[in-house]
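Examination of the molecular architecture
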Amino acid sequence: MKKIPRQPMPKQPPEERIKNFNEVALGYTEELAVKEAERCLQCPRPFCVDGCPVKVKIPEFIKLVKERKFSEAAKKIKEDNVLPAICGRVCPQEEQCEKKCVLGIKGEPVAIGRLERFVADWEAEHGEIEKPEMPEKKGIKVAVVGSGPAGLTCAGDLAKMGYDVTIFEALHKPGGVLIYGIPEFRLPKHIVEREVDYLRLLGVEIKVDVVVGKSITLYELFDMGYKAIFLGLGAGLPKFLGIPGENLLGIYSANEFLTRTNLMKAYLFPEYDTPIKVGKRVAVIGGGNVAMDAVRSALRHGAEEAHIIYRRSRAEMPARLEEIENAEEEGVIFNFLVNPKRFIGDENGWVKGIELVKMELGEPDESGRRRPVPIPGSEFIFEVDTVVIAIGQTANPVLLDVTPEIKRNRWGYIEADYETGKTSMKGVFAGGDIVTGEATVIEAMGFGRRAAKAIDEYLRTGKW
Amino acid sequence: MFKILERETLAEHINKFVVEAPLIAKKALPGQFVILRLHEKGERIPITICETDPEKGTITLVVQEVGKTTYELGTYQAGDEIADIIGPLGKPAEIEKVGTVVAIGGGVGTAIVYPEAKAFKEKGNYVISIIGFRSKRFVILEEEMRKVSDELYVTTDDGSYGMKGFVSDKLKELIEEGRKIDLVIAIGPAIMMKVVSDLTRPYGIKTIVSLNSIMVDGTGMCGACRVEVGGKTRFACVDGPEFDGHQVDFDLLIKRLAMYKEEERIALERYLKERGKA
Ligand SMILES: Cc1cc2nc3c(=O)[nH]c(=O)nc-3n(C[C@H](O)[C@H](O)[C@H](O)COP(=O)(O)OP(=O)(O)OC[C@H]3O[C@@H](n4cnc5c(N)ncnc54)[C@H](O)[C@@H]3O)c2cc1C
Ligand code: FES
């Protein structure tokens, strides 16, 4: 039999796509999907499943794709993953399922993520999203705080067990990072809305515009009859560099830049009311997924030059390879081994330059990556009109500051049990980025799922 | 959706809205604010809470028409709905018995200083209020302020009502008369708060200001609202909005407030043109 190569993903051409915010990857056609599915060896002991944080039955769903039973394939995935259209798009498959694929040893692994995405989209397009069979209602109320992937998954699982679940979300739209952070061109917002609607179909109530800790406290939620609470607060606090000139005009945190772009749709200004300032020459500081999202958004906002400023080299960049390649194709300019020392402003307070110092790689640090060290005397000025700082996020203390019973670690994240999500406060569980620090969508979902199980057990047995 | 129950024009371009928001009404304390978004295409803007009625479940907002969103809100009538109101946000004002408090309101800032003046009065302080406006036709909340103040002074820039001059001129008079002042609360345009803070600094009179920076989420998530206080970066939405006026870098605040001046002009012109056509 002739070996079938890994089927490439059809994409918008780079010169087109940098002019719009539409999705870059267009998705497999049925033919491409079936062809790709035929590559799967159907291993009796599938390693790919080990690589999946929520243990999707990968060979089984791929077999259904091969047999063109797309609707069944979707149901198969949904047994373990309620957000397949999202995971198929944003999971780092190359480090999870696809990394373990046997085909990957000698050649290229099966494109599991692309198939997952295909199946989920196919189901949505063919109007076959059905409500699964629901057990009898238990009449027990559970509150979920935060509607990112952790909260959504936990809420969905609990609803399917028969609990009355209410999600409280601080922003005006549910979805967490999926809505405010990850751009439209990588994850169209109607897909997130579709998944959120599915939760509503399961009977989950979603209350937006409620900042728990401010509008209402956890104590009050318990008083209102909620028997358990899950906290999926995310890691929403932006980090800054702490160098001179950081508050000059034209310098954004990635959170602000992406929130204005995605949640507030600033790219449609003035039809939408929220503005954004993107000059001709934009520098994004950082080398992760967030930095890639920001720099690629800057291009689409009309920047003539969009730069990445990263203090290590390409090999150490934490961003997914696929995203780095997309950025390169789109003309993003990468500046490696440079680190900002201060920002320089013009007479009106607008940023006009960054003083950068050249770096070289020294010994590996605790993360295993080689530590960048500055080269004395190598400073130079890099001219810019707009800067986006994308060097990471930390825990937002708004809720935790008013709930001292919940123990935090020294970075401000919640101390919660990995298996159950139990915190130090009775009846309160937590999961996702607020426990692990910035991680991934699928890990947040896995946490939400384990916590749902533990919440069910707690509510059945009363044991803490 | 948050329903407007009452709407009143207090002065030219200044409107008062009583809105149904039971959760916020129950929790809000003087000094706190809400973020509101009018509709699906709207921006998120911060508005300080003027009054609350926890029993009725309502909050009162006083809003000056300055940009597209506030002009548009100005057309909302009783019965209309605001898509989103989030709050109460920010730290509440510290209301203690300190002796004599001078509460200063500049323009629409009067609506923000009002609940604080009231709270200081209820705590047993001697409250002197100074409220200033550009001209007589912009004067708001004079009666309300009088009720909660032991002394009330009104200033107008053009002298068309009360004393001619700025609120800071009146404050200066009081200081020079040798009045014992334990605390100044100054809320209004950034430049006014700066002038007041500069005035009280040499006398060592503690001065609290409320910073109206540009915000997006209002919960500490974005950093749009960052200000420098005592040489440190702070987020006005969670660390404030009230700060020690003597420590605030007002020049930075004033520059940052003008960051979207061009876009604000485009949006307002476009809106008013469309409204003109309708
Ligand atoms: C720009 C960007 C790109 C990313 N790209 C990828 C990617 O490609 N692949 C990937 O796997 N991961 C990616 N990640 C990481 C991933 O998005 C996160 O790990 C994941 O979203 C965490 O989920 P969560 O549910 O823990 O929290 P979040 O998604 O952060 O959601 C938390 C929610 O809780 C709400 N909240 C917080 N506090 C309160 C409160 N007090 N009251 C009420 N609500 C509250 C917040 O408003 C928010 O909506 C990216 C992250 C960012 C920022
Ligand atoms: S408004 Fe976003 S952090 Fe203050």
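Let me begin by describing the structure that accompanies this report. (Residues numbered from 1 in each chain as written. Chains lettered and ligands numbered in written order. Predicted model: local features only at pLDDT ≥ 70, side-chain atom pairs only at ≥ 80, totals over all residues. Heavy atoms only, no water.)

A few words on unusual backbone geometry. Of the consecutive residues A:F269 and A:P270, the connecting peptide bond is found in the cis state with omega at 5 degrees. Between B:G240 and the following residue, B:P241, the backbone shows a cis peptide bond with an omega angle of 10 degrees. Position of B:P241 among the secondary structure elements: in the loop between α7 (236-239) and β16 (242-244). Despite not being glycine, A:Q42 has its phi angle at roughly 55 degrees, a positive value. Of note in this structure, B:H13 is not a glycine but carries a positive phi near 65 degrees. Locating B:H13 in the fold gives a position in the loop between β1 (2-11) and β2 (14-20). (Helix = DSSP H or I, 4+ residues; strand = E, 2+ residues; numbered from the N terminus.)

Quick look at the layout of surface pockets now. Residues and elements named next belong to chain B. Size it by volume and the second largest pocket reaches roughly 1400 Å³. Only β4 (45-53), β5 (58-64), α2 (68-74), α3 (109-122), α8 (250-257) and α9 (261-277) provide two or more residues apiece to the lining of the second largest pocket. Of the residues in the lining of the second largest pocket, the class split is 28 nonpolar, 13 polar and seven charged. (1 Å grid on protein atoms, 1.4 Å probe; cavity = no way out; pocket = protein on both sides within 12 Å on 5 of 7 lines; lining within 4 Å. Points joined across faces, edges and corners; volume = space filled by probe spheres on them. Nonpolar A, V, L, I, M, F, W, Y, C, P; charged D, E, K, R; others polar.)

Before going further, it helps to examine the site of ligand 1. Residue and element names in this part refer to chain A. Inspection of the region around ligand 1 gives 34 residues, with V90, A150, E169, R186 and V212 positioned closest. Between an oxygen atom of ligand 1 and a main-chain N or O atom of A150, the distance comes to 2.8 Å. Interatomic distance of 2.6 Å between a side-chain N/O atom of E169 and an oxygen atom of ligand 1. At the level of secondary structure, the elements contributing two or more residues to the shell around ligand 1 comprise α10 (149-160), α15 (289-300) and α18 (441-461). Here the residues of the shell around ligand 1 are counted per class, giving 20 nonpolar, 10 polar and four charged. (Near = heavy atom within 4 Å. Polar contact = N/O pair within 3.5 Å; in protein donor to acceptor, adjacent residues only side chain to side chain.)

What follows concerns the sheet that holds strand β14 (residues 386-389) of chain A. Picture the strands of a sheet paired through backbone hydrogen bonds; they go either parallel or antiparallel. All names here are of chain A. An order of β6-β14-β7-β8-β9 is seen for the five strands of this open sheet, with the pairing classed as parallel. Two strands bound the open sheet, and with one partner strand each, they are β6 (251-253) and β9 (333-335). In this sheet, neighbouring strand axes are inclined to one another by 20 degrees on average, regardless of whether the strands run parallel or antiparallel. Summarising the sheet, strand β8 (residues 305-309) and β9 pair through three bridges and their orientation is parallel. Residue pairing for β9: H307 is matched across the bridge by I333. Where helix α14 (residues 254-263) meets the sheet, its contacts fall on β6 and β14, and the angle it forms with β6 comes to roughly 85 degrees. (Pairing = 2+ DSSP bridges. Axes fitted to C-alpha atoms, helices over the stretch in contact; angles between N-to-C directions. Contact = heavy atoms within 4.5 Å.)

Below, the discussion takes up the interface of chain A and chain B. Taken residue by residue, the interface counts 45 residues in chain A and 48 residues in chain B. With both chains or domains summed, chain A and chain B bury close to 3700 Å², and 56% of this area falls on carbon and sulfur atoms. Across the contact surface, chain A and chain B share four salt bridges. Its salt-bridge partner being A:E220, residue B:K27 comes within 2.4 Å of it at the nearest N-O pair. Linking chain A with chain B are 21 residue pairs in polar contact (both at pLDDT 80 or more), by the criterion used here. When residues in the side of chain A that touches chain B are grouped by element, the largest group, four residues, is from α14(A). Among the residues forming the side of chain A that touches chain B, the class breakdown is 21 nonpolar, 13 polar and 11 charged. (Buried area = accessible area lost by both parts, 1.4 Å probe. Salt bridge = Lys/Arg side-chain N within 4 Å of Asp/Glu carboxyl O.)

With that out of the way, let us pick up the pattern of salt bridges. Charged atoms that come close allow side chains of opposite charge to pair. Considering all chains together, one arrives at 64 salt bridges over all chains under this definition. Its salt-bridge partner being A:E271, residue B:K41 comes within 2.6 Å of it at the nearest N-O pair. With one member in each of two chains, B:K41 in the loop between β3 (33-37) and β4 and A:E271 in the loop between α14 and β7 (281-285) form a pair that bridges those chains. Accessibility expressed as a relative area gives 31% for B:K41, which makes it partly exposed. Of the charged contacts, one joins A:K277 and B:E263 as a salt bridge, the two residues approaching to 3.1 Å between their closest N and O atoms. Taken as a pair, A:K277 in the loop between α14 and β7 and B:E263 in helix α9 lie in two separate chains rather than in one. (Buried < 20%, exposed > 50% of the residue type's maximum accessible area, 1.4 Å probe, protein only.)

Here we take up the sheet that holds strand β3 (residues 205-207) of chain A. Residue and element names in this part refer to chain A. Taking strand neighbours across the sheet as the criterion, the five strands line up as β3-β2-β1-β4-β16 in an open arrangement whose pairing is parallel. Only two strands of the sheet have a single neighbouring strand rather than two, namely β3 and β16 (428-430). With direction set aside, neighbouring strand axes in the sheet form an average angle of 20 degrees. Contacts from α10 reach β1 (141-145), β2 (164-168) and β4 (226-231), with the element oriented near 165 degrees to β2.

For the rest of this paragraph, the subject is the environment of A:A319. Residue and element names in this part refer to chain A. Within the element layout of this structure, A319 appears in the loop between β8 and α16 (321-329). Exposure remark for A319: the relative accessible area of 7% places this residue in the buried category. As for A319 and V290, which are separated by 29 residues in sequence, their C-alpha atoms are 7.9 Å apart. Excluding anything up to four places from it in sequence, A319 contacts G287, G288, N289, M292 and I324.

The next thing to look at is helix α6 (residues 190-200) of chain B. Listing the buried residues of α6(B) in full gives B:A190, B:M192, B:M193, B:V196, B:S197, B:L199 and B:T200. Packed against the buried residues of α6(B) are β8 (100-106), α5 (167-176), β12 (183-187), β13 (207-210) and α8 of chain B.

Residues and elements named next belong to chain A. Applying the stated criterion to the full structure yields 12 aromatic pairs over all chains. Ring geometry for Y418 against F447: centres 5.6 Å apart, planes inclined by 70 degrees, an arrangement best described as edge-to-face. Taken as a pair, Y418 in the loop between β15 (393-394) and β16 and F447 in helix α18 lie far apart in primary sequence, 29 residues in all. Under the relative-accessibility criterion, F447 is labelled buried at 3%. What links up through ring pairs into an aromatic cluster is the set F21, F185 and Y267. (Phe/Tyr/Trp six-rings, centres within 6.5 Å; stacked < 30°, edge-to-face > 60°.)

Looking now at the pairing of strand β10 (residues 338-345) of chain A. Strand direction decides the pairing type here: β10(A) and strand β11 (residues 351-364) of chain A, joined by seven bridges, are antiparallel. From the neighbouring strand, A:R342 faces β11(A), where its bridge partner is A:E355.

Turning our attention to the packing of α10(A) against α18(A). All names here are of chain A. Put simply, α10 and α18 touch, their axes get as near as 7 Å, and they point 35 degrees apart. For the crossing formed where α10 meets α18, the hand is right-handed. Of the residues in α18, those touching α10 at P149, A150, T153, C154, D157 and L158 are V441, A444, M445, G448, R449, A451, A452, I455 and D456. (Left-handed = near helix turned anticlockwise from the far one by under 90°.)

Our next topic: the pairing of β13(B). Residues and elements named next belong to chain B. In β13, alternate side chains face the same way, and those of T207 and V209 on one face and I208 and S210 on the other are all buried. The handedness of the β12 to β13 crossover, carried by α6, is right-handed. Here β13 runs beside β16; their pairing, made up of three bridges, is antiparallel. When the bridges of β16 are listed, S210 appears paired with E242. (Right-handed = clockwise from strand over helix to strand, strands pointing away.)

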